[in-house]
Amino acid sequence: MENPNVQQIIEKQVLTVAKAVEDKLDEEISTLDRLDLDDLEVLRERRLQQMKKMAEKRSRWIALGHGEYSEIPSEKDFFNVVKASDRVVCHFYRENWPCKVMDKHLAILAKRHIETRFVKIHAEKSPFLAERLKIVVLPTLALIKKTKVEDYVVGFDQLGGTDEFSTEELEERLAKAEVIIFEGESSAQIVQQKRSVRQKESTNSSDSE
């Protein structure tokens, strides 16, 4: 039998938390009530300016080639790309299966993360760059921020060591290097949650049969 003192303590803690939440809501409602029309207009104008700046950024990114996964034709063009965009993911590749696997995922992420430029360059046709950036294993992703190579993804070792890694796993790795911007939960977490829900629904369905 549960100790009545423990039960009382738990009930008291629950009430304390509930009261704190209620007080917080009251405070937020009170703050909103104190806002006059001028305050609301200032907030609205600020929000409009933020939206306008974001639209301008998107237009500039698209003009620079963001949103698409494209090939850099020469080493000279590599430097122009890196100077033009704050965040660049550059895939050093050759014509083989592992590089084609990486291509598939990068093409998806280019559309998903318009804030970053996604490009590829043929490593064997770029000997100066390959030597300067110490590119040995292919595929290698150079993760570049503000013209500096900050990090590398070399082969598939950081992606589970297999070519069957998901786009979300690569997305997580790029987010960790802060070469793409994540807002809220990561895609991989959302995918995992969806899988868990589907598995639970499947188990419940089997139980009910």
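Remember, it's a predicted structure, so these values are computed and weren't measured experimentally. (Residues numbered from 1 in each chain as written. Predicted model: local features only at pLDDT ≥ 70, side-chain atom pairs only at ≥ 80, totals over all residues. Heavy atoms only, no water.)

**Q** Help me understand the overall build of the protein in this model?
**A** Helix and strand counts for the protein stand at 7 helices and 5 strands. Reading the protein from its N terminus to its C terminus gives the helix and strand order α-α-β-α-β-α-β-α-β-β-α-α. With 209 residues in all, the protein has 32% of them scored as buried. Sequence separation of at least 24 residues holds for 68% of the intrachain contacts in the protein that already meet a minimum separation of 6. Within the structure as shown, the protein displays about 14400 Å² of accessible surface, and the carbon and sulfur contribution to it stands at 53%. (Helix = DSSP H or I, 4+ residues; strand = E, 2+ residues; numbered from the N terminus. Buried < 20%, exposed > 50% of the residue type's maximum accessible area, 1.4 Å probe, protein only. Contact = heavy atoms within 4.5 Å. Areas by Shrake-Rupley, 256 points an atom, 1.4 Å probe, with all protein chains shown as cover.)

**Q** Any chance you could explain the sheet that holds strand β5 (residues 148–154) here in plain terms?
**A** Sheets are built from strands paired through backbone hydrogen bonds, the pairs being either parallel or antiparallel. Strand order across the open sheet formed by 5 strands is β1-β3-β2-β4-β5, with mixed pairing between neighbours. Two strands lie at the open edges of the sheet, namely β1 (69–71) and β5, each paired on one side alone. Geometrically, the sheet is characterised by an average inter-axis angle of 25° between neighbouring strands, direction not taken into account. In this sheet, strand β4 (residues 140–145) lies alongside strand β2 (residues 87–93) in antiparallel orientation, the contact comprising 6 bridges. Bridge pairing in β4 places Cys90 opposite Ala142. The sheet contacts of helix α4 (residues 97–112) involve β1, β2, β3 (117–122) and β4, and relative to β2 the element is tilted by about 160°. (Pairing = 2+ DSSP bridges. Axes fitted to C-alpha atoms, helices over the stretch in contact; angles between N-to-C directions.)

**Q** Looking at this model, I keep getting lost on the pattern of salt bridges. Mind explaining?
**A** Side-chain pairs of opposite charge can arise where the charged atoms are in close proximity. Going through the model one piece at a time under the given rule, you end up with 10 salt bridges. Across the pair Asp86 and Lys146 runs a salt bridge whose closest N-O atoms are separated by 3.8 Å. Taken as a pair, Asp86 in the loop between α3 (75–84) and β2 and Lys146 in the loop between β4 and β5 lie far apart in primary sequence, 60 residues in all. Between Asp103 and Lys120 there is a salt bridge; the shortest N-O distance is 3.3 Å. In this pair, Asp103 is assigned in helix α4 and Lys120 in strand β3, connecting sequence segments 17 residues apart. Lys120 carries the same exposure label as Asp103, and that label is buried. (Salt bridge = Lys/Arg side-chain N within 4 Å of Asp/Glu carboxyl O.)

Keep in mind these numbers describe shape, not what the thing actually does.
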